[in-house]
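# Fold and contact review
Each chain, letter by letter, is given below.
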Amino acid sequence: MATRKSRSLFARARRSIPGGVNSPVRAFGSVGGTPRFLERGKGCRVWDADGNEYVDYVGSWGPLILGHADPGILRAVRAAMARGTSFGAPTEGEIELAEAIRQAVPSIERVRMVSSGTEATMSAIRLARGATGRERILKFSGCYHGHADALLVGAGSGVATLGIPGSPGVPAAFTQLTIQAPFNDLDAVADAFRRWGDDIACVIVEPVAGNMGCVPPTPGFLEGLRDLCTRSGALLIFDEVMSGFRVARGGAQERYGVKPDLTCLGKVVGGGLPAAAFGGRADLMDQMAPDGPVYQAGTLSGNPLAVAAGLETLRRLERPGTYERLEKTSRTLALGLAERALDAGVELSTVWAGGMFGFFFHPGPVRCFEDAQKARAERFRRFFAAMLERGIYLPPSPFEACFASLAHRRADLERTLDAAAFALKRAARVD
Ligand code: HOZ
C-alpha cells in the first residue's frame, strides 16, 4: 500500500505541529507506522492522501453516525452558513436543538451547549460542586472525560494509549480531590462513600466505557451507583459524550434504565461539527449563570453551523428502525470477529452496545481498565496494521471503541470480516 504522501505530510506536519497531530491518539504512537492523512470521506469510506480507500470505524471518534459527507448534513450546514457563521447571540436553532435533546433524553430538563466534551464534563463537575457545596469527585480508572486538570487521573483514551499516569502541568493539588475506583466495582465505590461520603459532590462515569476499549456496565453497576449517590446526596453524572444517541436514542440511560442527575453529551450531538452539551435536572441547571451563581461561558457555544448539523442528525435518528440497524451492524461485526478469532486460534473477547463495539486480545470478560491492560498489545498492533493494509481503518489504539454508522452496509461488513480473518492470522503469529 502506497503511503509516500502521508509520510511526507507527517514529516512536514511535525515541523509545525507538536507530534504532527492536533490530538495525540491520531499519531499512531502505540501501533507504529505512519498516520494516514485523510483527504475525503463518503458514507462509511475514507480516502487518504495516497488515494487508498478504507472502511472507516473511527467515524471522527464517534460523531459521524450518519457517515461522512452526508447530503442532509451538508445541506443543513450550507443553509446555516449562508445566514452567517457565528453571532455570539442567541438563535432559534439552539432552542430547537435543546428541545430535541430534552425529548430524546427525559432526564435532561435544561441543557446548555458548549463546544467540546471536555468543556461539558468540566462544567458539569463545577455545577455538581457548586450545587452540593462538596469538593471531592469520584471517577473510574480507564474512563476518560476530556483533558480538564482534575480529570486527568487514571484516564483512558490517549493517556492510556501513551501509557502515562497523568500529565505534567497538572499540580498535585488539582487532583487531590479526585477519587478513583475500578469500573464495574461497586464495592470500591461503596468504600469510597464510607470514607468520604459527606464530601463527594458527584460520581462521573461513562455508562458504557469507550475510552479503555469498549466496556459495557455489568448488570446492577449503574443502578448501584444511582443508589449510592442518592443515599449520600452526591450527584450522578453520566458522561454520554460517546454513548449519547449511539447506544440508544436516549443513550445509555435509556438502554439501562438508570436516570442520572446530569448528563454530558458531545460527538453525535454536533453532527460532525464542534459541539457538546451538558444538562439535567432543572433545579440544578438553574444554578448556572446567568440565573444562578455557577459560572460557565463560551464564545462559540451553540454555534449555528454546529447546531444545524446536530439538529439534522438528531432528526434523522428519529426514523424507525435506526437503532435496530446500528445494533445489528455492531453485533454482526463483534460476533463475526469472535468467530474468525476462534478459527485463527486467537483469544479475543468482543462486545457491542448499539452503535459501538470493541474487542480485546484477552480471553475476557473485560470488566475494567485493569482487565483491559492485560490484553495482548503486540497482537493488537499486528492486527491493526494488517487491517489497515486491507483497507479497514480502526482506532489506532486498543484503548478506544470502534464506531458503526448508518452508512455501513452488508458488503462493508463482509469486507471487514474477510480482512479480519487474514489479520487475525497475522496476530496469531505473536506468542
Ligand atoms: N475522545 C476521543 C475518543 N477517545 C478521542 C479524541 C481524541 O483524543 O482525539
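Before any of the text, the structure's been laid out above.
Heads up: these notes are all about the structure in this document. (Residues numbered from 1 in each chain as written. Predicted model: local features only at pLDDT ≥ 70, side-chain atom pairs only at ≥ 80, totals over all residues. Heavy atoms only, no water.)

## Observations regarding the site of the ligand
Ser23, Val25, Trp61, Ser157, Asn211, Met242, Lys267 and Glu400 make up every residue found near the ligand. A distance of 2.5 Å separates an oxygen atom of the ligand from a polar atom in the side chain of serine 23. Within the side chain of serine 157, one N or O atom sits 2.8 Å away from a nitrogen atom of the ligand. Considered on its own, the ligand offers 280 Å² of accessible surface; in the complex 84% of this is hidden by protein. A breakdown of the residues in the shell around the ligand according to their chemical character gives three nonpolar, three polar and two charged. (Near = heavy atom within 4 Å. Polar contact = N/O pair within 3.5 Å; in protein donor to acceptor, adjacent residues only side chain to side chain. Areas by Shrake-Rupley, 256 points an atom, 1.4 Å probe, with all protein chains shown as cover. Nonpolar A, V, L, I, M, F, W, Y, C, P; charged D, E, K, R; others polar.)

## With respect to the packing of aromatic side chains
What describes a pair of aromatic rings is the distance from one ring centre to the other and the angle between the planes of the rings. If you walk through the whole model with that rule in mind, you get 13 aromatic pairs. An angle of 85° between the planes, with centres 5.8 Å apart, marks the rings of tyrosine 57 and phenylalanine 357 as edge-to-face. Residue tyrosine 57 is found in the loop between strand E3 (53–56) and helix H2 (71–83), and its partner phenylalanine 357 is found in strand E12 (residues 356–360); the two are separated by 300 residues along the sequence. Neither residue differs from the other here; tyrosine 57 and phenylalanine 357 are each classed as buried. A connected cluster of aromatic rings, assembled from ring pairs, spans Phe28, Phe359, Phe361, Phe380, Phe383 and Phe384. In this arrangement the basic side chain of arginine 40 is found over the ring face of tryptophan 47, its NZ or CZ atom lying 4.1 Å from the centre. The ring of phenylalanine 422 carries the charged tip of arginine 390 above its face, separated from the ring centre by 3.5 Å. (Phe/Tyr/Trp six-rings, centres within 6.5 Å; stacked < 30°, edge-to-face > 60°. Helix = DSSP H or I, 4+ residues; strand = E, 2+ residues; numbered from the N terminus. Buried < 20%, exposed > 50% of the residue type's maximum accessible area, 1.4 Å probe, protein only. Lys NZ or Arg CZ within 6 Å of the ring centre and 35° of its normal.)

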